[in-house]
Amino acid sequence: MKPYAAEAWRRSERGELDDNELYPSDAQWAGLHDRMTTHTPEETYFRQRIAARTK
């Protein structure tokens, strides 16, 4: 991850990334909210199938 972080900071300092791109808080909040939400058995099954395909 260090090379990605270094590249992100380099781009930010050059003005190629704005603060919303460097600190993706909306994505973090979406992930937190998803973890706090109870999912139906069907949704859980669907998510597990998707995760199994990406490995």
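Small disclaimer: the values here were computed from a predicted structure and weren't measured.

Rules behind the numbers
- Think of each chain on its own: its residues are numbered from 1, step by step along the sequence as written.
- Residues qualify for local features only when their pLDDT is at least 70, as the model is predicted, and side-chain atom pairs are given and counted only at 80 or more; totals for whole chains, interfaces and linings, by contrast, use all residues.
- As a convention, hydrogens and water are excluded, and side-chain values are obtained from all of the structure's heavy atoms.
- Counting from the N terminus, the helices are the DSSP runs of H or I reaching at least four residues and the strands are the DSSP runs of E reaching at least two.
- Each radius of gyration reported is based on C-alpha atoms, and the globular scaling rule is 2.2 Å times the count of residues to the power 0.38.
- Only protein chains enter the calculation, and the probe is 1.4 Å; a residue is then buried if its accessible area is under 20% of its type maximum, exposed if over 50%, and partly exposed in between.
- Note on contacts: a residue pair is in contact if any heavy atoms of the two residues lie within 4.5 Å.
- Any Phe, Tyr or Trp ring, taking Trp's six-membered ring, that has another such ring centre within 6.5 Å forms a pair; planes under 30 degrees apart are called stacked, those over 60 apart edge-to-face, and the others tilted.
- By this rule the span expected of a helix is its residue count minus one, scaled by 1.5 Å.

1. Observations regarding the overall build of the protein
Argument step 1. Helix and strand counts for the protein stand at 4 helices and 0 strands.
Argument step 2. Listing every helix and strand of the protein by position from the N terminus yields α-α-α-α.
Argument step 3. Scaling as 2.2 N^0.38, a compact globule of 55 residues should have a C-alpha radius of gyration of about 10 Å, whereas the protein reaches 16 Å, well beyond that.
Argument step 4. Taking the principal axes of the C-alpha coordinates as reference, the protein spans close to 45 × 25 × 15 Å.
Argument step 5. Relative to its full complement of 55 residues, the protein shows a buried share of 4%.

2. Things to note about the side chain of serine 12
Argument step 1. If you trace the backbone, serine 12 turns up in helix 1 (residues 2-13).
Argument step 2. A residue is classified by how much of its surface remains accessible, and serine 12, at 18% relative accessible area, is buried.
Argument step 3. Among all residues touching serine 12, those that are not within four sequence positions of it are Leu17 and Leu22.

3. Considering the packing of aromatic side chains
Argument step 1. Scanning all chains against the criterion turns up 1 aromatic pair.
Argument step 2. Measuring from ring centre to ring centre gives 6.3 Å for tryptophan 9 and tyrosine 23, while their planes differ by 75 degrees; the resulting arrangement is edge-to-face. Here tyrosine 23 lies in the loop between helix 2 (19-22) and helix 3 (25-36) and tryptophan 9 lies in helix 1, a separation of 14 residues in the sequence.
Argument step 3. Accessibility expressed as a relative area gives 43% for tryptophan 9, which makes it partly exposed.
Argument step 4. According to the relative accessible area criterion, tyrosine 23 is partly exposed, its value standing at 48%.

4. Notes on helix 1
Note that an α-helix has 3.6 residues per turn; residues three or four places apart therefore point the same way.
Argument step 1. End to end, helix 1 covers 16 Å across 12 residues, agreeing with the expected 16 Å (1.5 Å per residue, within 8%).
Argument step 2. Phi for glycine 15, located one or two positions after helix 1, is positive at around 85 degrees.

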